[in-house]
Amino acid sequence: MPPLEVSGLATLTNSYVTLTCGIYLLHIYTRWGRRNYFHLFWALGFLFYGIEILSEFWFPLTHILRATLFMISLTLWFVGIGLLLPRFREIFVVVANVIFLVFLVVVFGFRDYPLIIASLPYFLITLGVILLMRNYGKFLYSFFLGWVFLLAINLLFFLEFLSSIHADILSILAKILILYGAVNPMFAMVGVEMQRLLWRT
């Protein structure tokens, strides 16, 4: 584990907040009778994402393994959204598999990864969140704002407009917004009922 300076402390805090989001969403998933798979997939996504961030300190992984954990988390989030969209459910699952396969093809050249490919999952998830807002409206405002905030932070970091410490601090705020929106009682209840309907079709 490297010496904890300010930047290291920010990254470590970011990882623990991310893992906490995943654990809490798992709690929400079990609380609502294990029927809302949106919360399950987003919980697993946060857990993989948190492990990827934490690995920098406790169990250093290769660049490829860290990138793989990151892509798994994005894929899980993408599928989780797709499961709540009846018209696009199958499309989301297929696209998620395509994204992951494309990633596996280019992973060994990840350091030269084009920005457009690296950011594609983020934009696709953003599109999914927008589609979800058509169904849930105001229940997803904070979730939407948090996700767009996280997308902007990562883009600015990739483009080197943000330092790692600022990206970590701002990411914590974005994830708290996402979690707040995801655990909205009205959204959780509607999500459970929507999931019941979808699995009958």
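(A) Up close: the overall build of the protein chain. When helices and strands are tallied, the protein chain shows 8 helices and 0 strands. Buried positions account for 47% of the 201 residues belonging to the protein chain. Put simply, of all contacts in the protein chain between residues at least 6 apart along the chain, 74% involve residues at least 24 apart.

(B) Here's a closer look at the nonpolar core. Within the largest apolar cluster, 39 residues are counted, with the highest numbers of intra-cluster contacts made by Trp42, Ile125 and Trp147. Looking at this core, the elements with two or more residues in it are helix H1 (6–31), helix H2 (37–54), helix H3 (63–82), helix H5 (115–136), helix H6 (141–158) and helix H7 (164–182). With 7 residues, the top contributor of residues to this core is H5. Ignoring any residue separated from it by four or fewer positions in sequence, one finds Trp147 in contact with Trp42, Leu74, Trp77, Tyr122, Ile125, Thr126, Val129 and Ile178. Counting 5 residues, the second largest nonpolar core, distinct from the first, contains Leu12, Leu47, Leu54 and Phe57.

(C) A look at the packing of aromatic side chains. This structure, assessed with the given rule, holds 12 aromatic pairs. Ring geometry for Phe157 and Phe158: centres 6.5 Å apart, planes at 45°, overall tilted. Looking at Phe157, the relative accessible area reads 34%, which means it is partly exposed. Connected via pairs of aromatic rings, a cluster forms that spans Phe38, Trp42, Phe46, Tyr49, Phe70, Trp77, Phe143 and Trp147. Across from the ring centre of Tyr49, 4.5 Å away, lies the NZ or CZ of Lys175, which sits over that ring.

(D) Main features of unusual backbone geometry. Its identity is not glycine, yet Glu160 carries a phi of approximately 65°, on the positive side. Glu160 gets classed as exposed once you look at its relative accessible area, which sits at 71%.

Conventions and cut-offs
Residues numbered from 1 in each chain as written. Predicted model: local features only at pLDDT ≥ 70, side-chain atom pairs only at ≥ 80, totals over all residues. Heavy atoms only, no water. Helix = DSSP H or I, 4+ residues; strand = E, 2+ residues; numbered from the N terminus. Buried < 20%, exposed > 50% of the residue type's maximum accessible area, 1.4 Å probe, protein only. Contact = heavy atoms within 4.5 Å. Core = buried A, V, L, I, M, F, W, Y, C linked by side-chain atoms within 4.5 Å. Phe/Tyr/Trp six-rings, centres within 6.5 Å; stacked < 30°, edge-to-face > 60°. Lys NZ or Arg CZ within 6 Å of the ring centre and 35° of its normal.

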